[in-house]
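Chain residues, written in single-letter form:
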Amino acid sequence: MAYVSEPLQSTTLASLEQQIATLDQPADLISLATSIDELGRDLALEIVRLATQPELADPLKPVLLRVPGAYTRALLRAAEKLDDAGSPRRAARVLIEALRKAFDANLVEVVADALGFTLDAFAQQAAATRLRTLVRFADPAASRRELRTRHLAVVEELPELIDWTALDDELGFD
């Protein structure tokens, strides 16, 4: 498989990224995020498969690095649409998933701010306080892997700290 100047997956991802701004239905945006995530898994497998051929694998790596950001942006927009539609419970769940996959510090902060706003609005102080530790925590001596492990530990705690019944949900989502 020879690549011209840009891998086909880069064009595919760019097309998916364009849809983030154009789709308006939360279900469509969540489906789009799923497609982006699947593309990322396929890219990772392809990179592993091509490990002995760096001339083919290396052009795929920058594309793979864009996947978490695109996935997170799609979920962030879905959560915004869900909240606008009267479903903060579902929006909070989508934002937690976005936090789980977010790697970029700026995106983590944006998602955490959105989730924090929802948690504060529904008096979920324990979860909001724990969420803020995620954003404030910075240990320059920690490895990237260690920081990611800590990040995921906080994200995994959040659902247990939230009183989901307190988040009004006009749409009847669980």
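One structure accompanies this document, and this report is about it. Every value quoted in this text rests on a predicted model; they were computed, and no experiment measured them.

Criteria and cut-off values
Per chain, the residues get numbers from 1 upward, laid out in the order the sequence is written. With the structure being a predicted model, the display of local features is reserved for residues of pLDDT at least 70 and the display and counting of side-chain atom pairs for 80 or more, all residues being used for whole-chain, interface and lining totals. The side-chain numbers reported here are obtained from all heavy atoms of the structure, hydrogens and water having been left aside. Put simply, DSSP marks the helices as runs of H or I at least four residues long and the strands as runs of E at least two long, and each gets a number from the N terminus on. Working rule for contacts: check all heavy atoms of both residues, and any pair within 4.5 Å makes them a contact. Residue burial considers only the protein chains on display, and all accessible areas are found by Shrake-Rupley using a 1.4 Å probe. Under the counting rule used here, the positive set is Lys and Arg, the negative set is Asp and Glu, and His together with the chain ends is not counted. Taken as the charge centre is NZ of Lys, CZ of Arg, CG of Asp or CD of Glu, depending on the residue. Fitting a line to C-alpha atoms yields each axis, with helices limited to the stretch in contact; the angle taken between N-to-C directions then spans 0 to 180 degrees. Angles below 35 degrees are treated as roughly parallel, those above 145 as roughly antiparallel, those between 65 and 115 as roughly perpendicular, and all remaining angles as oblique. Less than a right angle of anticlockwise turn of the near helix away from the far helix marks a crossing as left-handed, whereas a clockwise turn marks it as right-handed. Residue polarity is assigned by list, with Asp, Glu, Lys and Arg as charged and Ala, Val, Leu, Ile, Met, Phe, Trp, Tyr, Cys and Pro as nonpolar; anything else, Gly included, falls into the polar class. Salt bridges, as used here, are contacts in which a Lys or Arg side-chain nitrogen is within 4 Å of a carboxyl oxygen on Asp or Glu. Each residue is assigned to one of three classes by its accessible area relative to the maximum for its type, calculated with a 1.4 Å probe on protein chains only: buried under 20%, partly exposed between the two thresholds, exposed over 50%.

## Re the overall build of the chain
Now for step 1: Check the secondary structure of the chain and you find eight helices and zero strands.
Now for step 2: Each helix (α) and strand (β) of the chain, taken in turn from the N terminus, gives the series α-α-α-α-α-α-α-α.
Now for step 3: Along the first, second and third principal axes, the C-alpha set of the chain runs to 55 × 40 × 20 Å.
Now for step 4: Long-range pairs, those at least 24 residues apart, make up 68% of the contacts in the chain between residues at least 6 apart in sequence.
Now for step 5: Here the chain has roughly 9700 Å² of accessible surface; of this, 55% comes from carbon and sulfur atoms.
Now for step 6: For the chain, the distance from the average site of its 19 positive side-chain charges to the average site of its 28 negative ones is 4 Å.

## Some words on the packing of helix α4 (residues 60-84) against helix α6 (residues 105-121)
Now for step 1: For the pair α4 and α6, the least separation of the axes is 11 Å and the interaxial angle reads 20°. What the angle tells us is that α4 and α6 run roughly parallel. Where α4 crosses over α6, the two elements pack in a sense that is left-handed. Seen from α4, the contacting residues are Gly69, Thr72, Arg73 and Leu76; seen from α6, they are Leu107, Val110, Val111 and Ala114.

## Observations concerning the packing of helix α5 (residues 88-101) against α6
Now for step 1: Close contact between α5 and α6 brings their axes to 10 Å; oriented N to C, the two are set at 155°. Classified by the angle between their axes, α5 and α6 sit roughly antiparallel to one another. By crossing handedness, the relation of α5 to α6 is classed as left-handed. Residues Pro88, Ala92, Leu95, Ile96, Ala98 and Leu99 of α5 touch α6, and the partners they reach there are Val108, Val111, Ala112, Ala114, Leu115 and Thr118.
Now for step 2: Partitioning the contact of α5 with α6 into residue classes produces eleven nonpolar, one polar and no charged.

## Some points on the pattern of salt bridges
Should the charged atoms of two oppositely charged side chains come close, the side chains can pair.
Now for step 1: On inspection of all chains with the given rule, the structure shows 13 salt bridges.
Now for step 2: Among the salt bridges present, the one from glutamate 17 reaches arginine 66, with a minimum N-O distance of 3.0 Å. With glutamate 17 in helix α1 (residues 8-22) and arginine 66 in helix α4, this residue pair connects regions lying 49 residues apart in the sequence.
Now for step 3: Residue classification places glutamate 17 among the partly exposed positions, given a relative accessible area of 21%.
Now for step 4: Linking aspartate 120 and arginine 132 is a salt bridge whose minimum nitrogen-to-oxygen distance equals 2.4 Å. Of this pair, aspartate 120 sits in helix α6 while arginine 132 is found in helix α7 (residues 125-136), placing the two residues twelve residues apart along the sequence.
Now for step 5: Via salt bridges that share partners, Glu17, Arg66 and Arg73 belong to a single interconnected network.

## Digging into the environment of isoleucine 20
Now for step 1: Within the secondary structure, isoleucine 20 sits in helix α1.
Now for step 2: Between the C-alpha atom of isoleucine 20 and that of leucine 56, which follows or precedes it by 36 residues, the distance is 29 Å.
Now for step 3: Ignoring sequence-local partners within four residues, the contact set of isoleucine 20 consists of Leu29, Leu32, Ile36, Ala70, Arg73, Ala74 and Arg77.

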